[in-house]
Amino acid sequence: MSPPPTDTAAGTDLVLRDVGVRFGGLVALDGVSLRVPPGRIVGVIGPNGAGKTTLFNVVCGFVPPTSGSLTLDGRPFRPRPHRLTRLGIARTLQGVGLFPGLTVVENVMAGANHAARAGFTTALFGLPRSDRDERRLREQALDLLTELGVGRHAAAAPGTLPYAVRKRVALARALIARPRLLLLDEPAGGLGAEDIDELAELITALPGRADAACSIMLVEHHMDLVMSVCHEIVVLDFGKVIAAGTPEQVRDDPLVTEAYLGADVPAGVTGTAEGPVVAP
Ligand SMILES: Nc1ncnc2c1ncn2[C@@H]1O[C@H](COP(=O)(O)OP(=O)(O)OP(=O)(O)O)[C@@H](O)[C@H]1O
Ligand SMILES: [Mg+2]
């Protein structure tokens, strides 16, 4: 499978410049620069502890960078978790993180932006609400679940469903906000080979969705998935970018092979220093 063609009119343009994060004496990120251009899927890979989730958390606003800067569509960007939806950013977290007390479709509805969700939350608390708004939101949620192949589970409690289905529900919950930038942390984590192949197809189609195009930053351990869906890949090791470029460039880079040596990653993976991903 090859990545979808780039649509430069779609999605946001995220740039990180020289981002550093320290946790006490530990340097989790060191001078990391990367770009997620409009409509592109950019993968961030690296061995355990390389700093992938920390980088993800910087973009989500969970972890403030100790140094460096971010821009979104050319404007200074200081991420705050509660402001992400308004900025057109949605995320799925490592693991699943669904609300156990809500049905699948309600979980997806809960991911909508504030305006769309108003009717739904007032309904949850038994307050007067707009039936029409809630109906519309429910329809959107059902459509998304169907698009992701899990529509038949809409009325189920998440806890009763297989892990792979719950991961799709979490993706639907992120997509209902119609993000222009989608952040995915380990979407393949815990999935079997067949589920990963299907996920790759789904992710590949996301940047070009009608009326809902987006850019994607994909943080992922699973090399085959990253190689098959990403336009560009950034490789982290000990908090630094050791390689960046197309999947082919990264695969052939000896530094990447070395970083992964001994790690549980398929053979044949190897990065290049200054690929097109690295911000100027
Ligand atoms: N909140 C924190 N406080 C202190 N150290 C942290 C914190 N979060 C991460 N670290 C450390 O920062 C480094 C990078 O961790 P991070 O979780 O970003 O790696 P990762 O690439 O996501 O790893 P994995 O593949 O295991 O998910 C690790 O050494 C980790 O122990
Ligand atoms: Mg991680």
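Only a predicted model underlies this, so the values are computations on that prediction, with no experimental measurement involved. (Residues numbered from 1 in each chain as written. Chains lettered and ligands numbered in written order. Predicted model: local features only at pLDDT ≥ 70, side-chain atom pairs only at ≥ 80, totals over all residues.)

Participant: So what about the environment of Pro-76? Which residues, and what values?
Facilitator: Within the secondary structure, Pro-76 is located in strand E5 (residues 75–76). A tally of 8 C-beta atoms within 10 Å means that Pro-76 is categorised as exposed. When the C-alpha positions of Pro-76 and Val-15 are compared, they lie 9.5 Å apart, and in sequence the two are 61 residues distant. Leave out the neighbours within four places in its chain, and Pro-76 touches Ser-69 and Thr-71. (Helix = DSSP H or I, 4+ residues; strand = E, 2+ residues; numbered from the N terminus. Buried ≥ 20, exposed ≤ 12 C-beta atoms within 10 Å, placed from the backbone. Contact = placed C-beta atoms within 7 Å.)

Participant: Give a detailed account of the site of ligand 1, specifying residues and quantitative values.
Facilitator: Near ligand 1 the following residues occur: Phe-23, Leu-26, Ala-28, Gly-46, Asn-48, Gly-49, Ala-50, Gly-51, Lys-52, Thr-53, Thr-54 and His-221. Sorting the residues of the shell around ligand 1 by element identifies strand E2 (26–36) and helix H1 (52–60) as the ones contributing at least two each. Top contributing element to the shell around ligand 1 by residue count: H1, with three residues. In terms of residue class, the shell around ligand 1 is built from four nonpolar, seven polar and one charged. (Near = placed C-beta within 6 Å. Nonpolar A, V, L, I, M, F, W, Y, C, P; charged D, E, K, R; others polar.)

Participant: Give a detailed account of the sheet that holds strand E6 (residues 89–92), specifying residues and quantitative values.
Facilitator: On the basis of which strands lie adjacent, the open sheet formed by six strands has the order E6-E7-E8-E3-E9-E10 and mixed pairing. Every other strand in the sheet has two partners, leaving E6 and strand E10 (240–245) as the edge strands with one partner each. Between one strand axis and the next, the sheet turns through 15 degrees on average, direction left out of account. As judged from the four bridges shared by strand E3 (residues 41–45) and strand E8 (residues 215–219), these two strands associate in the parallel manner. Within E8, the position partnered with Val-42 by the bridge is Met-217. Its contacts with the sheet place helix H5 (residues 163–175) against E6 and strand E7 (181–185), and it is angled at close to 170 degrees to E6. (Pairing = 2+ DSSP bridges. Axes fitted to C-alpha atoms, helices over the stretch in contact; angles between N-to-C directions.)

Participant: Describe the sheet that holds E2, naming the residues involved and giving the relevant values.
Facilitator: Within a sheet, adjacent strands bond to each other through the backbone by hydrogen bonds, running parallel or antiparallel. Pairing is antiparallel in the open sheet, where four strands are placed in the order E2-E1-E4-E5. The strands lining the two open edges of the sheet, one partner per strand, are E2 and E5. Note: strand E1 (residues 14–23) against strand E4 (residues 67–72), five bridges, orientation antiparallel. Across the sheet, Gly-20 pairs through a bridge with Ser-67, a residue of E4.

Participant: Run through the pairing of E4, naming residues and quoting values.
Facilitator: Bridge count for E4 against E5 is two bridges, and the pairing is antiparallel. Of the residues in E5, the one forming a bridge with Leu-72 is Arg-75. Where E4 hands over to E5, the hairpin turn is made up of two residues, of which Asp-73 adopts a positive phi near 50 degrees.

Participant: Let's hear about unusual backbone geometry: which residues, and what values?
Facilitator: Phi is positive for Asp-18, close to 55 degrees, though the residue is something other than glycine. Position of Asp-18 relative to the elements: it lies in strand E1. The exposure class of Asp-18 is partly exposed, given the 14 C-beta atoms found within 10 Å. Positive phi outside glycine occurs at Asp-73, with the angle close to 50 degrees. Mapped onto the elements, Asp-73 comes out in the loop between E4 and E5. Taking the C-beta count within 10 Å as the criterion, Asp-73 has 15 such neighbours and is therefore assigned partly exposed.

Participant: Kindly report on helix H6 (residues 193–205), identifying the contributing residues and their values.
Facilitator: Look at H6: 19 Å from first C-alpha to last across 13 residues, which is about the 18 Å you get at 1.5 Å a residue. Restricting attention to buried positions, one finds in H6 the residues Leu-199, Ala-200 and Ile-203. Looking down the long axis of H6, one finds its buried residues gathered within 110 degrees of arc, a one-sided arrangement. Opposite the buried face of H6, at more than 90 degrees from it, the exposed residues are Glu-194, Glu-201 and Ala-205. (Expected span 1.5 Å × (residues − 1). Arc of directions from axis to C-beta.)

Participant: How would you explain the environment of Ala-170 if you had to name every residue and give the values?
Facilitator: For Ala-170, the location among the structural elements is in helix H5. Looking at Ala-170, the number of C-beta atoms within 10 Å reads 23, which means it is buried. Spatially, the C-alpha atoms of Ala-170 and Val-108 are 7.3 Å apart, while their sequence positions differ by 62 residues. Excluding anything up to four places from it in sequence, Ala-170 contacts Thr-92, Val-96, Gly-97 and Leu-98.

Participant: Please set out the pairing of E7 residue by residue, giving values where relevant.
Facilitator: Summarising burial for E7: five of the five residues are buried, a large majority. Of the two faces of E7, the one holding Leu-181, Leu-183 and Asp-185 and the one holding Leu-182 and Leu-184 are both buried throughout. Of the strand pairs in this sheet, E6 and E7 are connected by four bridges, and their pairing is parallel. Opposite Ala-90, over in E7, you have Leu-182 as the bridge partner. Here E7 runs beside E8; their pairing, made up of five bridges, is parallel. Of the residues in E8, the one forming a bridge with Leu-182 is Ile-216. In terms of handedness, the path from E7 via H6 over to E8 forms a crossover that is right-handed. (Right-handed = clockwise from strand over helix to strand, strands pointing away.)

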